[in-house]
2 protein chains.
Amino acid sequence: MSARPTLKTIAGLSGLAVATVSRALKDAPDISAATKQKVRQIALEIGYVPDRAGVRLRTGKTNVISVVMSTEHEMMNMTARLISAIAAGLRGTRYHLNMTPFFSGDDPMRPIRYIVETASADAVIINQVEPGDPRVEYMLANGFPFAAHGRSERADEYPWFDFDNEAYGRLAVRKLAGRGRRRVLMVAPPLAQSYGRHMLDGAHAAARQTGTTLVVADRITSDGRIDDIRSRVIEILAGDPAIDGLLAASPVAAMAAVGGFEAHGLRIGRDFDTVAKDAIDFLRLFRSEIMIVTEDVARAGEFLARAAIQAATDPGRPPMQFLDGPAED
Amino acid sequence: MSARPTLKTIAGLSGLAVATVSRALKDAPDISAATKQKVRQIALEIGYVPDRAGVRLRTGKTNVISVVMSTEHEMMNMTARLISAIAAGLRGTRYHLNMTPFFSGDDPMRPIRYIVETASADAVIINQVEPGDPRVEYMLANGFPFAAHGRSERADEYPWFDFDNEAYGRLAVRKLAGRGRRRVLMVAPPLAQSYGRHMLDGAHAAARQTGTTLVVADRITSDGRIDDIRSRVIEILAGDPAIDGLLAASPVAAMAAVGGFEAHGLRIGRDFDTVAKDAIDFLRLFRSEIMIVTEDVARAGEFLARAAIQAATDPGRPPMQFLDGPAED
DNA sequence: CTCCCTGTCTATAACGTTATAGGCGAACCC
DNA sequence: GGGTTCGCCTATAACGTTATAGACAGGGAG
């Protein structure tokens, strides 16, 4: 039951001063090679690991990356994978992963403010960025390191990873047009979020190019409740029976909307075709007739982890940014 | 750009000593009510929040609860909800949530050992407990506070929350028998895990009582790959066409197995019935013909959060334990 | 021989907190 | 009036780390 080794332990064993041990482990230039060697050897043998509290108190570095995300509803599926991927990206680094979720009804700024004010992380990772996102504005204003899944107008100024939803929108409409579909119903993401606008822009552009008509479903969004999506799609189809294509922004929305089509007796592949984006390998398992475009969340998480670390350790460097193209099935 | 307030700041403003301020905020008995009042007032005004590194260094308390879970595969769905629920349970407490996932191929003991050795959390929460689970043994041996989702043989000695899978197994078979089903195929969880054994025991018991025959699918488990489950179920049905009931341990297994039945042209409700356990409200949305038994993960997470905190702060108290009954649809 | 440099190492202080021992005046008792 | 007790407060040290300034020996230059 020996206590945990500290610098003092190594100092005692080596006959050196605590400060020397510290500097030797830091590879400081004014420590002889022999000393460094000896210190490192002892440190290894007794399994020395720096005490986080000591380091943090002295340096202010927490060695913590905080993920601040909403963890509810369907969205949780993708968020969970993203967090898992970030965790994977943090493996082998000295960073710990902290989760500060916010819940519906909570102010998304609260956890952010807390972290910034108490300096309780070296960097923050957020997702679901909106145009003019206050979290982005706040952290930029305070010079607090962060990385974002998604872009706002000020995307130039911070690290981000984003899926190219505009390319997805274009690709999806082209795929449907390629199957001869002329009138496409789109269950779009909430347009308050940046990625929703991007996707819509892409779909519109490709619709113009291919001579396809794009009908954006009103009163529902792809993050809505299944029942709402399904019943609204049924209504829309009743009033617009020429619709022969479906463009969905999420796997759940796709399932729900397809259900709406099927309620009219329409069959996928025969009476209509569907393209959907899937980040969680969901549709491939249950509705393989749907044309799937995959969003690679693992890549996103791994990138965001590295981007956050770079933002924390090297604020001078240009921010890491990556626009990920859609992967066709 | 004023620096963060510390005890020293309050000491300066109040004219008291730092130690007095500290004790006043701790409500120590030998500080006058007037002083306490004054100190608290100032602390509130300047927004004093204790520095975690300082507290941790001095007291050893990290104010961190670490969740150590595997974050991969289908299981991720439920794990994600569990983590989210734990986070919800931690809201309003002074505890931060740390995530230390392990990945397939990783040794599950590694993160546990790290946390215990470096004392980097006040308590740990684990899930998917197995009989003789080495994580449980290790933490019990080291007297490290933890709470578990699931029980092992030594369940008496530690805090846990568990879903009553035995009751679920019984209930499921009874429901099928109640619909006149006589020969039930069960897609069971991996029997290496405690909950799998429980569920199987319950199913067997109810089968005996109701005169139902229970056929446990071999070579597949409910956490397996969709395709494997589906094709194995097809094989089994080909060799055993009298099967008219399905008991699934997870929503994904249910979907996959139902797919196998349907591949034989069998229809749910007419040719067979299905009972499945669902923790993520999945089946209700997509296959409502299935009889669903709900496992309440939110309750589990909230309970585990409180149980972990109690284990950390009050090791003398008897461990919090709760066996949650299945909720019928 | 003195002076200065260079290469190593060390003493000290500080980050913010809290446990411990002690100080000091006022009130109380005999 | 002298001693004790009580109520309230403070000084000090310590947790583990690292930045800073400085110490000390040996070597080279003058």
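Bear in mind that the values here come from a model prediction, so they are computed numbers and not experimental data.

## Thoughts on the overall build of chain A
A tally of regular secondary structure across chain A gives 13 helices and 12 strands. The C-alpha atoms of chain A give 25 Å as radius of gyration, which overshoots the globular expectation for 329 residues (20 Å, by more than 25%). In terms of overall dimensions, chain A has a C-alpha envelope of 85 × 35 × 35 Å along the principal axes. Residue burial in chain A is summarised as follows: out of 329 residues, 47% are buried. The long-range fraction of contacts in chain A, counting pairs at least 24 apart against all pairs at least 6 apart in sequence, stands at 68%.

## Quick look at the environment of B:Gly89
Residue and element names in this part refer to chain B. In this fold, Gly89 is placed in helix H5 (residues 76-90). C-alpha separation for the pair Gly89 and Gly301, spaced 212 residues apart in sequence, amounts to 6.8 Å. Setting aside anything within four residues of it in sequence, one finds Gly89 in contact with Gly301, Glu302, Ala305 and Arg306.

## Focus: the packing of helix H1 (residues 7-14) of chain A against helix H3 (residues 33-46) of chain A
Residues and elements named next belong to chain A. Relative to each other, H1 and H3 sit at 120°, their axes nearing to 10 Å. By the angle between their axes, H1 is oblique relative to H3. Read as a crossing pair, H1 and H3 show a hand that is right-handed. Together, Thr9, Ile10, Leu13 and Ser14 of H1 and Lys38, Val39, Ile42, Ala43 and Ile46 of H3 make up the contact between the two elements. Its residues assigned to classes, the contact of H1 with H3 shows 6 nonpolar, 2 polar and 1 charged.

## As for the sheet that holds strand E3 (residues 123-127) of chain A
Here 12 strands make up an open sheet; going across it, the order is E11(A)-E5(A)-E4(A)-E3(A)-E1(A)-E2(A)-E2(B)-E1(B)-E3(B)-E4(B)-E5(B)-E11(B) and the pairing mixed. Each edge of the open sheet carries a strand with a single partner, namely strand E11 (321-324) of chain A together with strand E11 (321-324) of chain B. Strand-to-strand twist across the sheet, computed as the mean angle between neighbouring axes with direction ignored, equals 20°. Each of strand E1 (64-68), strand E3 (123-127), strand E4 (146-149), strand E5 (160-163) and E11 of chain B touches helix H13 (residues 297-313) of chain B; the most contacted strand, E4(B), lies at about 160° to it.

## Focus on the relation of the copies chain B and chain A
Between the two chain copies there is a screw-like relation: a rotation about an axis and a shift along it. The two copies are related by a screw operation: chain B maps onto chain A through 180° of rotation and 0.0 Å of translation along the axis, at an RMSD of 0.1 Å. A rotation of that kind, with that shift, is consistent with a two-fold axis. The residues that chain B uses at the interface reappear at the interface of chain A in 100% of cases, marking a shared surface.

## Side note on the protein's contact with DNA strand C
Every one of the 23 residues lining DNA strand C counts as a neighbour, but A:Ala19, A:Thr20, A:Asp30, B:Asp51 and B:Gly54 are closest to it. Those elements giving two or more residues to the surface near DNA strand C turn out to be helix H2 (18-25) and helix H4 (52-59) of chain A together with helix H2 (18-25) and helix H4 (52-59) of chain B. Considering each element in turn, the surface near DNA strand C owes the most residues, 5 residues, to H4(B). By residue class, the composition of the surface near DNA strand C is 11 nonpolar, 7 polar and 5 charged.

## Things to note about H3(A)
Residue and element names in this part refer to chain A. The terminal C-alpha atoms of H3, which comprises 14 residues, lie 20 Å apart, in line with the 20 Å expected from a rise of 1.5 Å per residue. Taken together, the buried residues of H3 touch H1 and H2. Positive phi shows up at Gly47, right after H3, with a value of about 70°.

Cut-off values and rules
Residues numbered from 1 in each chain as written. Chains lettered and ligands numbered in written order. Predicted model: local features only at pLDDT ≥ 70, side-chain atom pairs only at ≥ 80, totals over all residues. Helix = DSSP H or I, 4+ residues; strand = E, 2+ residues; numbered from the N terminus. Rg over C-alpha atoms; globule rule 2.2 N^0.38 Å. Buried ≥ 20, exposed ≤ 12 C-beta atoms within 10 Å, placed from the backbone. Contact = placed C-beta atoms within 7 Å. Axes fitted to C-alpha atoms, helices over the stretch in contact; angles between N-to-C directions. Parallel < 35°, antiparallel > 145°, perpendicular 65-115°, else oblique. Left-handed = near helix turned anticlockwise from the far one by under 90°. Nonpolar A, V, L, I, M, F, W, Y, C, P; charged D, E, K, R; others polar. Pairing = 2+ DSSP bridges. Least-squares fit on C-alpha atoms with pLDDT ≥ 70 in both. Near = placed C-beta within 6 Å. Expected span 1.5 Å × (residues − 1).

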